[in-house]
Amino acid sequence: MVNTAIFVEIELKAEIDRVWQLTQDPEKHPRWDLRFSTITPAGELSTGGYRFIYERGLFLHTIKGTGTSLGERRRPDGTRTSALRFTTNDRLSPLGEGRGYWRYLPTEEGTIFITGFDYEPDWGQVIDRLVMRRFIGWMTAWSFDRLRIWAETGTPPERWPLASVLAFWRPDRPKASRCRRTPSQGSTMAQAPSTLRTLEAP
């Protein structure tokens, strides 16, 4: 993959079990993540993960795709990881085949939640580099802050629809700017867990 991978990091004042629950549950995940409208499990993997079908509703079309996911809930250092692969045959999707990960790092004040992912651009390199990759990175960061609000305060993400981006008078609204967008060291995909290399294709 030739483009720069997307990286997002945020610190949540919430226990790692809480963050894991809100991100690993396929019913809860689409509630805070703008990138998905629905995620439906579609069978287990021999490695312990699962297959899923995802949808993202647009104004006049619904993008559909498939994926595989595998989480590591117990690691010797106390961190957790989740690996993901996805693909779609939908010609209207700007994202083709891709892969990514989540990392959960416990801290004294809560949890650092990190994602890194990359994909093949189906709308061409120029549009992806100038528009789509920036927009998808922003969507991810904004969604991470909406997740933070849910985890820290219990406020349902539905209270903060996308239109709340324009609510400038609300300092407590989700903001993509609260996230780190570049890794502090190394490259984005170099931080991927080893399970990503062996994860079954969608």
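Structure first, text after, so check above.
Presented here is a report on the structure given in the accompanying data block. (Residues numbered from 1 in each chain as written. Predicted model: local features only at pLDDT ≥ 70, side-chain atom pairs only at ≥ 80, totals over all residues. Heavy atoms only, no water.)

## Structural notes on the pattern of salt bridges
Pairing is possible between side chains of opposite charge, provided their charged atoms come close.
(1) Moving on: This structure, assessed with the given rule, holds 16 salt bridges.
(2) Moving on: Two residues, K64 and E55, come together in a salt bridge whose shortest N-O distance is 3.9 Å.
(3) Moving on: Judged by its relative accessible area of 25%, E55 falls in the partly exposed class.
(4) Moving on: Among the ionic pairs, D172 bridges to R170, the shortest N-O distance being 2.8 Å.
(5) Moving on: Judged by relative accessible area, D172 falls into the partly exposed class, the value being 38%.
(6) Moving on: The structure contains a network of salt bridges with shared partners spanning D145, R148, E152 and R178. (Salt bridge = Lys/Arg side-chain N within 4 Å of Asp/Glu carboxyl O. Buried < 20%, exposed > 50% of the residue type's maximum accessible area, 1.4 Å probe, protein only.)

## A closer look at the pairing of strand β1 (residues 6-12)
(1) Moving on: Along β1, six of the seven residues are buried, which leaves the element largely enclosed by surrounding structure.
(2) Moving on: For β1 and strand β7 (residues 111-121), the ladder comprises seven bridges, and the chain directions are antiparallel. Paired with V8 across the strands is T115, a residue of β7. (Helix = DSSP H or I, 4+ residues; strand = E, 2+ residues; numbered from the N terminus. Pairing = 2+ DSSP bridges.)

## Thoughts on the environment of T81
(1) Moving on: The residue T81 is located in strand β5 (residues 80-87) in this model.
(2) Moving on: Measuring from C-alpha to C-alpha, the distance between T81 and Y104 comes to 6.1 Å, with 23 residues separating the pair along the chain.

## Considerations on the pairing of strand β6 (residues 95-106)
(1) Moving on: Of the strand pairs in this sheet, β5 and β6 are connected by seven bridges, and their pairing is antiparallel. Following the sheet pairing, R85 is matched in β6 by R99.
(2) Moving on: Where β6 meets β7, 10 bridges bridge the pair, whose relative direction is antiparallel. Residue R99 lies in a different strand from β7, and its bridge partner there is D118.
(3) Moving on: Here β6 folds back onto β7, and the loop between the two strands holds four residues, one of which, G110, carries a positive phi near 160°.

## Some remarks on the packing of helix α1 (residues 16-24) against helix α3 (residues 125-153)
(1) Moving on: Their axes nearest at 10 Å, the elements α1 and α3 cross at an angle of 130°. The orientation of α1 with respect to α3, classified from their angle, is oblique. The two elements α1 and α3 cross, and the hand of that crossing is right-handed. Packed against α1, whose contacting residues are R18, L22 and T23, the element α3 presents L147, W150 and A151 at the interface.
(2) Moving on: Classifying every residue of the contact of α1 with α3 by side-chain character gives four nonpolar, one polar and one charged. (Axes fitted to C-alpha atoms, helices over the stretch in contact; angles between N-to-C directions. Parallel < 35°, antiparallel > 145°, perpendicular 65-115°, else oblique. Left-handed = near helix turned anticlockwise from the far one by under 90°. Contact = heavy atoms within 4.5 Å. Nonpolar A, V, L, I, M, F, W, Y, C, P; charged D, E, K, R; others polar.)

## Side note on the environment of P157
(1) Moving on: Following the sequence through the fold, P157 ends up in the loop between α3 and α4 (195-198).
(2) Moving on: According to the relative accessible area criterion, P157 is buried, its value standing at 0%.
(3) Moving on: When the C-alpha positions of P157 and P30 are compared, they lie 9.8 Å apart, and in sequence the two are 127 residues distant.
(4) Moving on: Apart from the residues within four sequence positions on either side, P157 is in contact with R31, W32, R146 and W150.

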